[in-house]
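# Results of the structural survey
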Amino acid sequence: MIVLTGPTGNVGAEVARLMVERETAWPFRIAAHSVERTRARLDAPQAPVVAFDYDDRTTWGPVLDGVTTLFLLFPLPSPRTVTTRMKPFIDAAVAAGCRHIVYISVPGADRQKVVPHYAVERHIEASGAHYTFLRCGFFMQNLCRKVSTHGVDIMDRGELFIPGGDGVTTFLDSRDVATVVVQVLTDPSLHRDRSYTLTGPQQLDLDSAARLLSRALDRPVRYTRPSLPRFWIRMFGRGVSWDTVLFMTIVYTLTRLGRNDTSTDQLPELLGRPATTFERWAHDYRPVFEARDWT
C-alpha cells in the first residue's frame, strides 16, 4: 500500500493527480485534511482519500493501515513541527510496516542544520526504513500559492515581492518532480537509500524571473527587492502565519547569500527529457494567475 501525504502541496497535488489518472496497478491511499475537497480538486469522486490530521493521532491508524511505501511532505517546515508532527509520524509509519519513505526535502538538507528538513532526513535515516530523498529547489508554483501570497502581489501590484536580493535560483516545476515521485513510488528498489538534488534547467535572478512573468502574463511585473522588514510587515499584515514567514525568510535569505543557485542534471536524467523551463511554466499557468486560483 502506497500512502500519499500533502495532496494540496506543490508536489503532493500533482502526485495524487497522476496516481488517480494513471489508475496504477499499485494500491494507494491519499491522506487529506478534507476528503471531499481533495476529491473535488482531483475531479475524482471515488478517489481513495481518507481523513488525516497530523494533530489528531486517531486518524493515523486508518491512514497507515497496511502501508509499505510512504510519500512524505513537510506540512509546515519549522523546528516546532519537526518534533510535534514529523518525527512521531515517521515512527508510526515504520511501526505500521512502512519499508520505504520518499521524502521531499531541500538542497543542502544533508548539511545545513538551520533548515528543518535536516532533522527530518536524519530521523528517517535512523528509522530503519529505506528512503529516497528528493532535494528540490524553489518551485515555480510557489509564485501562485495561497500560502505565500506572491500571486496577489504579481497580479494586483505588478510586483515580484521576494527579499532575495541579487541571488540566483534554479526554478523548478513541481509537475516534473511529481513524475519522478511516481516513478520512485512504483519501483522503489531502483532508488533505495538514494538522494537526488533536483533543480530546474535555468539559473535565474529575480529580475529575469519578473521579466519572463511580464511576457507570459502580458502585464508589467517588476522585481522590487524588498527588505526583510518590509517583507515581514506585508506578510503579517495579510495574516500569513509566523511559521510560514519564518520558512520563507530562511529560503530567501539563503537565496540572497547565493546558496540556492545549485544546478544539477539529475532531474532530466530521471525524467528522460529536459526539465520544464520557467517560460513554459509561466505560459501554462497564466490561467491560474488570471483566475487568481491560489491553491
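Residues numbered from 1 in each chain as written. Predicted model: local features only at pLDDT ≥ 70, side-chain atom pairs only at ≥ 80, totals over all residues. Heavy atoms only, no water.

Taken as a whole and assessed by the stated rule, the structure comprises 22 salt bridges. A salt bridge links R122 to E121; the shortest N-O distance between them is 2.8 Å. You can call R122 partly exposed: its relative accessible area is 22%. For E121, a relative accessible area of 0% puts it in the buried group. (Salt bridge = Lys/Arg side-chain N within 4 Å of Asp/Glu carboxyl O. Buried < 20%, exposed > 50% of the residue type's maximum accessible area, 1.4 Å probe, protein only.)

To continue, consider the sheet that holds strand β3 (residues 49-51). Pairing is parallel across the open sheet formed by seven strands, whose spatial order is β3-β2-β1-β4-β5-β6-β9. Looking at the sheet topology across the chains shown, the edges are occupied by β3 and β9 (194-198). Each neighbouring strand pair of the sheet contributes to a mean axis angle of 20°, computed without reference to strand direction. Where strand β2 (residues 28-32) lies against β3, three bridges are found, and the strand directions are parallel. Within β3, the position partnered with A32 by the bridge is A51. Docked against the sheet, helix α2 (residues 35-42) engages β2 and β3, running at close to 155° with respect to β3. (Pairing = 2+ DSSP bridges. Helix = DSSP H or I, 4+ residues; strand = E, 2+ residues; numbered from the N terminus. Axes fitted to C-alpha atoms, helices over the stretch in contact; angles between N-to-C directions. Contact = heavy atoms within 4.5 Å.)

Look at helix α8 (residues 206-217): 16 Å from first C-alpha to last across 12 residues, which is about the 16 Å you get at 1.5 Å a residue. Restricting attention to buried positions, one finds in α8 the residues L206, S208, A209, A210, L212, L213, S214, A216 and L217. Where α8 starts, the residue carrying a side-chain oxygen 3.4 Å from the main-chain nitrogen of D207 turns out to be D205. After α8 finishes, the residue D218 shows a positive phi value of roughly 55°. (Expected span 1.5 Å × (residues − 1). Polar contact = N/O pair within 3.5 Å; in protein donor to acceptor, adjacent residues only side chain to side chain.)

Turning to unusual backbone geometry, a few remarks are in order. Despite not being glycine, D193 has its phi angle at roughly 55°, a positive value. You can see D193 is positioned in the loop between α7 (174-186) and β9. Backbone geometry places R292, a non-glycine residue, at a positive phi of 50°. Structurally, the position occupied by R292 is in the segment after α13 (286-291). Of the residues examined, R292 reaches a relative accessible area of 37% and is grouped as partly exposed.

Before going further, it helps to examine the packing of aromatic side chains. Applying the stated criterion to the full structure yields 15 aromatic pairs. Pairing Y103 with F133 gives two aromatic rings, centres 6.3 Å apart and planes at 80°, and the pair type is edge-to-face. You can see Y103 sitting in strand β5 (residues 100-105) and its partner F133 sitting in strand β6 (residues 130-136), a full 30 residues away along the chain. Per residue, the accessibility class of Y103 equals that of F133, and both read buried. Ring geometry for F231 against Y252: centres 5.9 Å apart, planes inclined by 85°, an arrangement best described as edge-to-face. With F231 in helix α9 (residues 228-237) and Y252 in helix α10 (residues 242-256), this residue pair connects regions lying 21 residues apart in the sequence. Taken together, the ring pairs connect F138, F161, F171, F231, Y252, F278, W281, Y285, F289 and W294 into an aromatic cluster. If you follow R122 out to its NZ or CZ, it ends over the ring of Y118, 4.9 Å from the centre. In this structure, R234 packs its charged tip against the face of F161, placed 3.6 Å from the ring centre. (Phe/Tyr/Trp six-rings, centres within 6.5 Å; stacked < 30°, edge-to-face > 60°. Lys NZ or Arg CZ within 6 Å of the ring centre and 35° of its normal.)

Next up on the list: the packing of helix α4 (residues 79-95) against helix α5 (residues 116-126). Taken N-terminus to C-terminus, the directions of α4 and α5 make an angle of 20°; their axes are 10 Å apart at the nearest point. The orientation of α4 with respect to α5, classified from their angle, is roughly parallel. The handedness of the crossing between α4 and α5 comes out as right-handed. Contacts between α4 and α5 involve P79, V82, M86, K87, I90 and D91 from the first element and P116, A119, V120, H123 and I124 from the second. Split into classes, the residues belonging to the contact of α4 with α5 amount to eight nonpolar, one polar and two charged. (Parallel < 35°, antiparallel > 145°, perpendicular 65-115°, else oblique. Left-handed = near helix turned anticlockwise from the far one by under 90°. Nonpolar A, V, L, I, M, F, W, Y, C, P; charged D, E, K, R; others polar.)

Here we take up the environment of T169. Inspection of the secondary structure assignment puts T169 in strand β8 (residues 168-169). Under the relative-accessibility criterion, T169 is labelled buried at 4%. Separated by 31 residues in sequence, T169 and G200 place their C-alpha atoms 8.7 Å apart. Residues contacting T169, with those up to four places away along its chain left out, are F138, Q202, Q203, L204, T255 and N260.

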